[in-house]
Amino acid sequence: MVEELGSDRCRLTLGSWSWHSLAAAIARFDTEIEVVGPAELVDAFGYLARRFARTAAGPTPGGTS
């Protein structure tokens, strides 16, 4: 569900089977994101950010990608 909060803001209400999956679904939108809760969703975004940063850095010598 999308709720308009102003001319440049909205609230998106979604559900998912996991916090990581929910964070990934929200990340598809090309916009700034502010998580207002819960802490598990914030943690999931942090996990994905670290994972994507490692991927963007490229393969490590002797490591797997």
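The preceding data block contains the structure.
In this text, all values refer to a predicted model and were calculated from it rather than measured experimentally.

Q: Would you mind going over the pairing of strand β2 (residues 9-12) with me for this structure?
A: On a regular strand, one side chain projects to one face of the sheet and the next to the other, so that they alternate. Examined bridge by bridge, strand β1 (residues 2-6) and β2 share four bridges and lie antiparallel to one another. Within β2, the residue paired with glycine 6 across the bridge is arginine 9. Where β1 folds back onto β2 in an antiparallel hairpin, the turn is made up of two residues.

Q: Just to check I follow, could you spell out unusual backbone geometry for this structure?
A: Across the chain, the bulk of peptide bonds are trans and the bulk of non-glycine residues have phi less than zero. Look at the link from glycine 37 to proline 38: it is a cis peptide, with omega at 0°. Within the secondary structure, proline 38 is located in the loop between α1 (19-27) and α2 (39-57).

Q: Can you help me understand the pattern of salt bridges in this one?
A: Pairs can form between side chains of opposite charge once their charged atoms are near each other. According to the stated counting rule, one finds two salt bridges in the structure shown. Linking glutamate 3 and arginine 11 is a salt bridge whose minimum nitrogen-to-oxygen distance equals 3.0 Å. On the basis of relative accessibility, which here comes to 37%, the residue glutamate 3 falls in the partly exposed class. In this structure arginine 11 comes out as partly exposed when scored by relative accessible area, which is 40%. Close ionic contact of arginine 9 with glutamate 34 constitutes a salt bridge, the shortest N to O distance being 3.0 Å. Here glutamate 34 lies in the loop between α1 and α2 and arginine 9 lies in strand β2, a separation of 25 residues in the sequence.

What counts, and where the lines are drawn
- Numbering of residues starts from 1 in every chain and runs along the sequence as written.
- For this predicted model, a pLDDT threshold of at least 70 governs which residues receive local features, and a threshold of 80 or more governs which side-chain atom pairs are given and counted, while totals over whole chains, interfaces and linings are taken from all residues.
- With hydrogens and water stripped out, all remaining heavy atoms of the structure feed into the side-chain values.
- Pairing between two strands is assigned when DSSP locates at least 2 bridges connecting them.
- Helix numbers and strand numbers start at the N terminus; a helix is a DSSP run of H or I with at least 4 residues, a strand a run of E with at least 2.
- Whenever a carboxyl oxygen of Asp or Glu lies within 4 Å of a side-chain nitrogen of Lys or Arg, that contact is scored as a salt bridge.
- Partly exposed residues are those whose accessible area sits between 20% and 50% of the maximum for their type, while under 20% is buried and over 50% is exposed, using a 1.4 Å probe and protein chains only.

In short, the description is geometric, and any link to function would need to be established separately.
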